[in-house]
Amino acid sequence: MGCCADGAGTAPAESPPVLRGRREVSAGQHFAIGFYGGLGERESVAAAYAQGSAAIRLQGLADRPKLAVRAGIDAGKLVLAADPVERSKTDPLD
């Protein structure tokens, strides 16, 4: 993931999903809280992006980042955090 402020309209073919567009620092902070909170809850990148965008709107800020993904990638199906692995009953940490 990355944020870019260059305003370019497309993501390079070899890059991960990126957010493009100019943002105020406060808007970026609010977006990050919603976005990474969604990723941490094992939501898709698209759902996390929607949460980050909602966090900006709740603050009444005008900035709107854009989600750009590589061709052939469905941000609605892309989940970056796996479900936690259950420990076995013989795990010494239990």
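Owing to the predicted nature of the structure, the values given are computational and were not obtained by experimental measurement.

**Student:** Is there a simple way to explain unusual backbone geometry in this structure?
**Tutor:** For residues that are not glycine, phi is negative in most cases, and the peptide bond is trans in most cases. Despite not being glycine, R42 has its phi angle at roughly 65 degrees, a positive value. Mapped onto the elements of the fold, R42 is located in the loop between α1 (25-40) and α2 (45-58).

**Student:** Which parts of the structure should I look at to understand α2?
**Tutor:** Since the α-helix turns once every 3.6 residues, residues separated by three or four places project in the same direction. The end-to-end C-alpha distance of α2 is 20 Å, a good match for the 20 Å that 14 residues give at a rise of 1.5 Å each. V45, A48, G52, S53, A55 and I56 are the residues of α2 that are buried. Buried residues of α2, seen end-on, are gathered within an arc of 150 degrees and therefore sit on one face of the element. Taken from the residues just after α2, G60 is the one with a positive phi, measuring 75 degrees.

Rules and cut-offs
Residues numbered from 1 in each chain as written. Predicted model: local features only at pLDDT ≥ 70, side-chain atom pairs only at ≥ 80, totals over all residues. Heavy atoms only, no water. Helix = DSSP H or I, 4+ residues; strand = E, 2+ residues; numbered from the N terminus. Expected span 1.5 Å × (residues − 1). Buried < 20%, exposed > 50% of the residue type's maximum accessible area, 1.4 Å probe, protein only. Arc of directions from axis to C-beta.

By themselves, these are just geometric observations and shouldn't be taken as functional.
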